[in-house]
Amino acid sequence: MSVPVTNEIRREIERRRTFAIISHPDAGKTTLTEKLLLYGGALREAGAVRAQKATRHATSDWLELEKQRGISVSSSVLHFEFDEHRVNILDTPGHADFSEDTYRTLMAADSAVMLIDAARGVEPQTRKLCEVCKLRKIPIFTFVNKMDRHGRDPLDIMGEIEEVLGMDVVPVNWPVGAGSDFRGVYDRLDRRLVTFSGGDHGTHRVDETVVAGEPDSEAVMEAMGPFAQDALDGLELLEGAGAEFDTELVASGLQTPMFFGSALTNFGVHPFLERFLEMAPGPMPRVSAGEPVDPVERPFSGFVFKIQANMDPDHRDRIAFVRICSGHFVKGLQTSHVRTGKSIRLTNSTLLMGKDRADVDEAFAGDVVGLFDPGLFRIGDTLADEKKIVFAGIPIFAPESYMRVEVAGVQKRKALEKGIGQLVQEGVVQLFSDPEGGSASWILGAMGPLQFDVMKHRLKSEYGVDLTLSSLPYTLARWPQAGFDPEDFKYSERIRVVHDRDGNWALLAQSPWDFDRLLERNESLELAETPDPSLFESAH
Ligand code: G4P
């Protein structure tokens, strides 16, 4: 049933800003997230989130692993109100292994904030995540963090981003002073200087003093004090370089607006948040069968981007995270589950705030709601009032490490199968199998070893099964698209032919060189990096 678009619904949708923060571990994502919550009024005093980083999941046993390692392996959603905006932060896992979970979460975001450590510049994981954002063509905003420490020259960081990430960088503001002398930022758009003081080592909001004027005006120069000449030189260089903001280039991920600050001391967090919310897009149209679905004009639609079971050990339930793409959601909404054609009533919905949950009565395009899942949902599923809407599924990425499941000797085989089925459905790992071998030939694939540890840990704590894995030499997979005959690989030692979870043929190899050689020998063979390469192009 469609709900007529009222001005109120339009306003609610347009004021939403849904984004993810992408960074290499330790760049300060947890700290920045906490400070955004502080400025958004969701925290009265900062310190709690970071302090709880190692203990925050004490109630959840599979997250014991997070506690042991002091890392976050799961992701959540945070939200707050700021000015006229409703802000949704899609929190992604913060560990060094690159997981599918992060990819999927980026599919649900309308923009990304790329956090760079001022001393370290672009790091490997920043690069990978940035590539995904660029594939999806989502705007990337850069926040250069840790300006309170002596880092690299801002121009040097700009140059590195341009060179390594292939984006034009346009600084929105420019730092005045650095390290313990970092005292403010000059806002190039508003032509004003903002200086900071107080903040009680970052536990509270800082005091800001604003001086309007050109950088070389007397008032601004005076307020910049001993750092005036340095700042002026940098600003003049930028003006001379002439890179102008271009909303379209930002929207397509080719240009990134850049900000400077220190999440630790809160210096620069507020100017960033204000300006970012103004510049970042609200909910964007998503594509269904080649047609954009307008977030405001069309009735309720959304897609499942993540499923997580057993988040709360007291209630062994499964939650499907749904990103609302269009329209208005009200509790009890009758809508359609497009893959099965079933009509479903969404009575059991929850709003997630970190690990806390609250009933949700109403939500809008741009929001994420959690639906209690009776086992119906799969990642990528569309829910829509209009049955003809089908959002492109979520691409699967080729795992980079592979393990064989040792089934022999497992006593609780049923529980093992159930557990693996569940974790594969959640996307913790990918499942491949030998076409003839049944469960005796299960191969698990993941981006990195941590995912296997998570899997083992959860199988043990949730299903009571000890999983034994033995490592395999493969490091990548490709999905044949044309010119493929499994018979050709019967005697191949370096390439293994398997089925993926959906029954597609897939090839596992030890090195990219194996595939290069294969392609040289088979001119008609076409290989793709994901089972359905069209999903990337069609996501937007
Ligand atoms: P992550 O989630 O990206 O992994 O990073 P996180 O926020 O946990 O920050 C990693 C480390 O960097 C922490 O230090 C944190 O205090 C520090 N940090 C974050 N933002 C800033 C900043 O703006 N300036 C400075 N100087 N440091 C920053 P730690 O020593 O690992 O932890 P802790 O002892 O501070 O708890």
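Residues numbered from 1 in each chain as written. Predicted model: local features only at pLDDT ≥ 70, side-chain atom pairs only at ≥ 80, totals over all residues. Heavy atoms only, no water.

Some thoughts on a negative patch on the surface
Link 1 in the chain: Taken together, Asp-153, Asp-216, Asp-230, Asp-233 and Glu-236 make up a surface patch of like negative charges.
Link 2 in the chain: Topologically, Asp-230 is positioned in helix α9 (residues 228–241).
Link 3 in the chain: Judged by relative accessible area, which is 63%, Asp-230 ranks as exposed. (Patch = residues over 30% accessible without salt bridge, like charges linked within 9 Å, V, L, I, M, F, W, Y side chains within 5 Å. Areas by Shrake-Rupley, 256 points an atom, 1.4 Å probe, with all protein chains shown as cover. Salt bridge = Lys/Arg side-chain N within 4 Å of Asp/Glu carboxyl O. Lys, Arg positive; Asp, Glu negative; His and termini not counted. Charge placed at Lys NZ, Arg CZ, Asp CG, Glu CD. Helix = DSSP H or I, 4+ residues; strand = E, 2+ residues; numbered from the N terminus. Buried < 20%, exposed > 50% of the residue type's maximum accessible area, 1.4 Å probe, protein only.)

Structural notes on the environment of Pro-226
Link 1 in the chain: For Pro-226, the position within the fold is in the loop between α8 (218–224) and α9.
Link 2 in the chain: Spatially, the C-alpha atom of Pro-226 lies 9.5 Å from that of Val-176, the residues being 50 residues apart in sequence.

Quick notes on the packing of helix α2 (residues 29–39) against helix α11 (residues 269–279)
For any two helices packed against each other, the geometry is given by the interaxial angle and the distance between the axes.
Link 1 in the chain: Two elements in contact, α2 and α11, have axes whose closest approach is 10 Å; the angle formed by their N-to-C orientations is 75 degrees. One element, α2, and the other, α11, form an angle in the roughly perpendicular class. Contact with α2, carried on its side by Leu-32, Lys-35, Leu-36 and Tyr-39, involves Val-269, His-270, Phe-272 and Leu-273 of α11 and no other residues of that element.
Link 2 in the chain: By residue class, the composition of the contact of α2 with α11 is six nonpolar, one polar and one charged. (Axes fitted to C-alpha atoms, helices over the stretch in contact; angles between N-to-C directions. Parallel < 35°, antiparallel > 145°, perpendicular 65-115°, else oblique. Contact = heavy atoms within 4.5 Å. Nonpolar A, V, L, I, M, F, W, Y, C, P; charged D, E, K, R; others polar.)

Describing the pairing of strand β26 (residues 442–446)
Link 1 in the chain: With five of its five residues buried, β26 lies for the most part within the structure.
Link 2 in the chain: Both faces of β26 are covered, namely the face carrying Trp-442, Leu-444 and Ala-446 and the face carrying Ile-443 and Gly-445.
Link 3 in the chain: Two strands pair when backbone bridges link them, and strand β24 (residues 401–405) and β26 are joined in this way by four bridges, in the antiparallel orientation. When the bridges of β26 are listed, Met-403 appears paired with Leu-444.
Link 4 in the chain: The pairing of strand β25 (residues 430–433) with β26 spans four bridges and is antiparallel. Bridged to Gln-430 within β26 is Gly-445. (Pairing = 2+ DSSP bridges.)

Structural notes on the nonpolar core
Link 1 in the chain: Ranked by internal contacts, the top residues of the largest apolar core, which has 91 residues, are Leu-36, Met-114 and Ile-161.
Link 2 in the chain: Every residue in contact with Leu-36, bar those within four places of it in the chain, is listed here: Phe-19, Ile-21, Phe-80, Ile-89, Val-269, Phe-272 and Leu-273. (Core = buried A, V, L, I, M, F, W, Y, C linked by side-chain atoms within 4.5 Å.)

Quick word on α11
Link 1 in the chain: For α11, the buried fraction is high: eight of the 11 residues fall into the buried class.
Link 2 in the chain: Regarding α11, the residues found buried are Val-269, His-270, Pro-271, Phe-272, Leu-273, Arg-275, Phe-276 and Leu-277.

Observations concerning the sheet that holds strand β9 (residues 192–197)
Link 1 in the chain: Within the open sheet, the four strands sit side by side as β7-β8-β9-β10. Their pairing is antiparallel. Edge strands, defined here as strands with exactly one partner in the open sheet, are β7 (173–176) and β10 (207–212). When strand polarity is set aside, the average angle formed by the axes of neighbouring strands in this sheet is 25 degrees.
Link 2 in the chain: Running at roughly 160 degrees to β7, α9 makes contact with β7 and β8 (184–187) of the sheet.

Regarding helix α6 (residues 124–136)
Link 1 in the chain: The end-to-end C-alpha separation of α6 is 19 Å, in line with the 18 Å expected for 13 residues at 1.5 Å each.
Link 2 in the chain: Those residues of α6 that fall on the buried side of the exposure criterion are Gln-125, Thr-126, Leu-129, Cys-130, Val-132, Cys-133 and Arg-136. Projected onto a plane normal to the axis of α6, the buried residues spread over an arc of 155 degrees and lie on a single side.
Link 3 in the chain: One or two residues past the end of α6 sits Lys-137, with phi positive at roughly 55 degrees. (Expected span 1.5 Å × (residues − 1). Arc of directions from axis to C-beta.)

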